[in-house]
Amino acid sequence: MKTIMKTLLTTGAALAALTAAASAQERDIVIAVSIPAATHGWTGGVVYHATEAERQIEEAFPNVDIVLSTAQSASAQASALEDLTSTRDLAALVILPFTSEELTGPVENVRDTGTFITVVDRGLADDSIQDLYVAGDNIAVGHNTAEWLSEQLGGEGKIVVLRGIPTVIDDERIQGFTEVIDGTNIEILDIQYANWNQDEAFTLMQDYLAKHPQIDAVWANDDDMLLGVLEAVEQSGREDIRYALGGNGMKQVIEMVMEENAMTPISTPYPPSMIATAMYMTVAQFTGQAPMRGSFLLDAPLITPENAEQFYFPDSPF
Amino acid sequence: MTTVEMTQTRSRDGWQIRWSDLGPWIALAVIVLVGALINSNFLTSANLGNVITRSAFVAIIAIGATFVIASGGLDLSVGSMMAFVTGVMILVMNSLAPTYGASAIFMGAGVALIVGALCGLLNGLVVTIGKIEPFIVTLGTMGIFRALITWMSDGGSIPIDRDLRAAYRPVYFGSFLGVPIPIWITVAVVLVGAFLLYRTKFGRRVQAAGANPEVARFSGVSVAGVRTMAFVLQGVCVAIAAICYVPRLGAATPTTGQLWELQVITAVVIGGTMLRGGRGRIWGTIAGALIIETIANLMVLSDMVSEYLVAAVQGVIIIIAMLAHRFLR
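The model shown is predicted, which means the values in this text are computed figures rather than measured ones.

Mind showing me how you'd approach the overall build of chain A here?
The helix and strand inventory of chain A stands at 10 helices and 10 strands. By the compact-globule yardstick of 20 Å for 318 residues, chain A fits well, its C-alpha radius of gyration being 21 Å. C-alpha atoms of chain A, sized along the principal axes, occupy 70 × 35 × 35 Å. With an accessible surface of roughly 13,000 Å², chain A has 52% of that area assigned to carbon and sulfur atoms. Separation of charge centres in chain A, based on 15 positive and 47 negative side chains, amounts to 3 Å.

As structure tokens, this is what we get:
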């Protein structure tokens, strides 16, 4: 609700700024931000952090105007890019593309008008288009979780894994995870898709529990799914599951980490706030004397009770 | 026409078994048998309990869908409506909890039933008064309800109050006389549905309106009224499913109930209800819902199918079940 109001307000403000363009000489650096609409937890977090960063940046830099637009689909995002470039002169575009292939052409068109391009999270099919690339490290999400888990289990045991939606993101996480596990005596009993959906994770975990009499740990690869998994484990009353881990740093799970939950003592971040990182870096390119061309990969350190505070955003929907 | 035939068969056969009605149950029996052979854990009471309990949502919604489809309608909005009703219910419960304590659960459930009925009424009125194809109307409301839940949750989740959660949890996880509560609720909905469809004037009119609206109209049936009522029943069933759903995970999210409409329609059609209307099969619908959940469960329990091919195998089994059903007739 807040987000929508905020978006409406900013759109209104942008319109007002447009009509008073001649007199308003201060906000002359226009930075467009194009992100997917909030359709699930993670993108909900992206929208939240983008609106927060917009407010903070416009407060801090009176000459910067951030124009935020959300899109329901890849084609809607491509249309939004056309609308943005035809109505105003953009200094920079910060984009979290819906899909890599479909958005590559449209972003290239924006670049050709002389706009600075920042790509977030999903890379475009052609790297040469972007000036700045900001992303999380999905391989590290899997890798770091697996390292921690194998250390706790002493390098042996039986685990089950839940996969998300068949995408590059999911493939990379699973790759990072299995690479580490392959080097230990830990056996992955089962690995199936639950589509980053709490309900499907719940039923899949119930089925895993029915199928395997001994499970030492579960990796849900995503905190949304982890919540479904925990419910299924609790209902079964089974005592053999020592660890149930997720990933992404959802606030409910960060709270569990803070409370030193025995089954979920850690998480790994793949933070939606990376959109804010990208926005701040792009602004620095134009307002500070800080060159920002290149690639910036956010690390995925373990979230533990000691550092959980840094990853906790109680107002975020995610 | 179908209605007439059906009533005749009923009176002529008396207690005799009608094979076409047993089709879905035979299919289910075969799947269960195969399941028992594949994995010995399949027949454990814990596993069967899980499968039957979780099929309650689709089964309850599919009872309503049986009425809508039998009356010649179709409702694609049930999954989104379910998410929307769940969201409204949790918000109401959370806001009433500080004043009313645990009885906020009953008030929230009451509000859910009203909201569900109104959502169904909206679908029904646009279809009958607006004279627009139900496919298009409910495709529209599907988007509306989905967007509303996304907006209400900011794209995140709407969790239920922690204290309420504890009090509410037994509605999904508890049991009475050894049978999980959601199964009792499903049985109640099925009995009421079967009574309405097979034993009342309304039920006969539903099937008459679906079989041949012109004939039904000439025999004095208000086709629009009957169809609207079917959509309202559907809305109420969605709300009942939502009441069982909330205590399971304790939250509504924008992905709640996603694609359930397809599972519901599949369950209804596997059960022997005709997609073009005119014939409803309540008991068959239940078999259909159980078949869908059992197949999904077997996919996980068997080690034979690659995780990438699960959906394809599920599709093949459903088509085979339908073909078997046809040849048994």
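From this point on, the discussion continues.
Got a minute to help me understand the UniProt feature "transmembrane region" (unreviewed entry) in chain B in this structure?
Residues annotated by UniProt as "transmembrane region" (unreviewed entry) correspond here to residues 21-39, 51-69, 103-127, 134-152, 172-198, 231-251, 282-302 and 308-328 of chain B. Across residues 21-39 of chain B, helical content stands at 95% and strand content at 0%; the span's end C-alpha atoms are separated by 29 Å.

What exactly am I supposed to notice about the confidence of the model for chain B here?
Detailed reading of the predicted model is not advised wherever pLDDT is low. When pLDDT is averaged across chain B, the result is 88; 93% of the residues are at 70 or more. In this model residues 1-14 of chain B is a low-confidence stretch, pLDDT under 50, and it forms 16 contacts with partners more than four residues away in sequence or in other chains.

Explain the environment of glycine 44 of chain A to me, please; I cannot follow it from the model alone.
Residue and element names in this part refer to chain A. The topology assignment puts glycine 44 in helix α2 (residues 41-60). The exposure class assigned to glycine 44 is buried, which follows from its relative accessible area of 2%. Separated by 171 residues in sequence, glycine 44 and isoleucine 215 have C-alpha atoms that sit 33 Å apart.

Mind showing me how you'd approach a nonpolar patch on the surface here?
Residue and element names in this part refer to chain B. Taken together, the side chains of Leu122, Val126, Ile132, Phe135, Ile136 and Leu139 present a nonpolar region at the surface, about 490 Å² in accessible area. Of all elements in the fold, only α6 (104-128) and α7 (134-152) reach the threshold of two or more residues within the nonpolar patch. The biggest single contributor to the nonpolar patch is α7, with 3 residues. Structurally, leucine 122 is set in helix α6.

Sorry if this is basic, but what is going on with the confidence of the model for chain A here?
Residues and elements named next belong to chain A. Averaged over all residues, the pLDDT of chain A is 87; the fraction at 70 or higher stands at 92%. Taken element by element, the predicted model of chain A shows its lowest mean pLDDT in helix α1 (residues 2-19) (51) and its highest in strand β8 (residues 217-219) (96). Below pLDDT 50 for its whole length, residues 17-25 participates in 1 contact with residues either more than four positions away or in separate chains.

Can you help me understand the interface of chain B and chain A in this one?
Much of the literature gives interface size as the accessible area that the parts lose upon coming together. Taken together, the contact pairs 34 residues of chain B with 33 residues of chain A. Interface area, chain B with chain A, both sides summed: about 2,900 Å², of which 46% is carbon and sulfur. Per-residue buried area on chain B facing chain A is highest for Asp154, Val300 and Glu307 of chain B; these three make up 22% of the total on that side. At the junction of chain B and chain A, the tally comes to 5 salt bridges. Measuring nitrogen to oxygen at the nearest pair gives 2.8 Å for the salt bridge that ties aspartate 207 of chain A to arginine 54 of chain B. Elements that contribute at least two residues to the side of chain B that touches chain A include exactly α3 (45-54), α7, α8 (162-168), α9 (170-173), α13 (223-249) and α15 (282-301) of chain B.

Just checking my understanding: could you explain unusual backbone geometry for this structure?
All names here are of chain A. At asparagine 195, a residue that is not glycine, the phi angle is positive and equals roughly 55°. Within the fold, asparagine 195 resides in the loop between β7 (185-193) and α7 (198-211). For asparagine 248, which is not glycine, the phi dihedral falls at a positive 105°.

It is not clear to me how the pattern of salt bridges should be interpreted in this structure. Could you clarify?
Side-chain pairs of opposite charge can arise where the charged atoms are in close proximity. Summed over all chains, the structure comprises 17 salt bridges over all chains. The salt bridge involving aspartate 199 of chain A is made with arginine 248 of chain B; its shortest N-O contact spans 2.7 Å. Highlighted residues: aspartate 199 of chain A in helix α7 and arginine 248 of chain B in helix α13, drawn from two different chains. As far as the burial class goes, aspartate 199 of chain A and arginine 248 of chain B line up, both buried. Linking arginine 165 of chain B and glutamate 231 of chain A is a salt bridge whose minimum nitrogen-to-oxygen distance equals 3.0 Å. Of this pair, arginine 165 of chain B sits in helix α8 while glutamate 231 of chain A sits in helix α8 (residues 223-236), on two different chains.

Conventions and cut-offs
- Residues numbered from 1 in each chain as written.
- Chains lettered and ligands numbered in written order.
- Predicted model: local features only at pLDDT ≥ 70, side-chain atom pairs only at ≥ 80, totals over all residues.
- Heavy atoms only, no water.
- Helix = DSSP H or I, 4+ residues; strand = E, 2+ residues; numbered from the N terminus.
- Rg over C-alpha atoms; globule rule 2.2 N^0.38 Å.
- Areas by Shrake-Rupley, 256 points an atom, 1.4 Å probe, with all protein chains shown as cover.
- Lys, Arg positive; Asp, Glu negative; His and termini not counted.
- Charge placed at Lys NZ, Arg CZ, Asp CG, Glu CD.
- UniProt positions renumbered as here; feature names shortened; annotations may be inferred.
- pLDDT = per-residue confidence, 0-100.
- Contact = heavy atoms within 4.5 Å.
- Buried < 20%, exposed > 50% of the residue type's maximum accessible area, 1.4 Å probe, protein only.
- Patch = residues over 30% accessible without salt bridge, like charges linked within 9 Å, V, L, I, M, F, W, Y side chains within 5 Å.
- Salt bridge = Lys/Arg side-chain N within 4 Å of Asp/Glu carboxyl O.
- Buried area = accessible area lost by both parts, 1.4 Å probe.

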